[in-house]
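Here's the letter readout for the chains.
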Amino acid sequence: MGGAVSAGEDNDDLIDNLRNAEYIKTDLVEDVFRAVDRGDYYQEELRENAYKDLAWKHGNIHLSAPCIYSEVMEALKLEPRMTFLNLGSGTGYLSTMVGLVIGPYGVNHGVECHPEVVEYSLQKLQNFKLKSKSLDKYDLCEPRFVVGNCLQLSSGKAVTVS
């Protein structure tokens with residue numbers, strides 16, 4: 001899926017293209033897309049593809065196409081203090097953007113069936129927290145990523161990787 005908008009050279013180009021194609025409609029969604037650089041969620045050696053409107057998968061690590069994420073973010077009509085559950089949370093990219101909107105009093109969980117992907121998402125979240133200037137503007141509802149099968153969830157039985 002994806003490929004609905006042309007590729008950009010960087011995150012700002014990608015967001016401009018998504019806005020021009022009307023996938024991103026609101027200023028809030030545009031702001032959080034700009035605040036979370038998609039390239040930072042790619043493996044470094046594959047980063048040249050980060051700003052294309054395409055889904056990406058490398059082993060078990062995965063990202064949906066930016067046009068899909070923008071439609072999701074717009075459709076959810078997120079507000080502070082909301083609860084968000086991301087099944088198949090992958091790299092944590094979407095969960096991080098959502099966390100900027102729902103803020104410190106929200107609830108933000110991601111469930112992923114592959115432990116190495118949860119480890120990857122935790123690394124990416126840590127990198128975001130260390131280097132992002134957007135945390136001066138937003139209070140993050142930090143995603144909590146757990147290993148589990150979303151088709152067989154049982155209260156209290158998911159394993160947290162830390």
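Every value quoted in this text rests on a predicted model; they were computed, and no experiment measured them. (Residues numbered from 1 in each chain as written. Predicted model: local features only at pLDDT ≥ 70, side-chain atom pairs only at ≥ 80, totals over all residues. Heavy atoms only, no water.)

(A) Molecular detail of the nonpolar core. By size, the foremost hydrophobic cluster in this structure holds 39 residues, and its most contacted members are F33, V36, M73, Y93, M97 and L100. Every element with two or more residues in this core is listed here: helix 1 (11-20), helix 2 (27-35), strand 2 (61-63), helix 3 (66-76), helix 4 (93-102), helix 5 (115-131) and strand 5 (144-147). Ranked by residue count, the leading element in this core is helix 4, at 7 residues. Setting aside anything within four residues of it in sequence, one finds F33 in contact with N11, I15, L18, I24, P66, Y69, S70, M73, Y93 and M97. (Core = buried A, V, L, I, M, F, W, Y, C linked by side-chain atoms within 4.5 Å. Buried < 20%, exposed > 50% of the residue type's maximum accessible area, 1.4 Å probe, protein only. Helix = DSSP H or I, 4+ residues; strand = E, 2+ residues; numbered from the N terminus. Contact = heavy atoms within 4.5 Å.)

(B) Structural detail: helix 4. In terms of burial, helix 4 is a largely internal element, 10 of the 10 residues being buried. Among the residues making up helix 4, those that are buried are Y93, L94, S95, T96, M97, V98, G99, L100, V101 and I102. In the stretch just after helix 4, G103 is the one whose phi turns positive, near 70°.

(C) Up close: helix 3. Considered for burial, the residues of helix 3 that qualify are P66, C67, Y69, S70, M73 and E74. The buried residues of helix 3 occupy an angular sector of 160° when the element is viewed end-on, so they sit on one face. Looking at the buried side of helix 3, the elements it contacts are helix 1, helix 2, strand 2 and helix 4. Positive phi shows up at K77, right after helix 3, with a value of about 50°. (Arc of directions from axis to C-beta.)

Take it as geometry only, folks, not as evidence of what the structure does.
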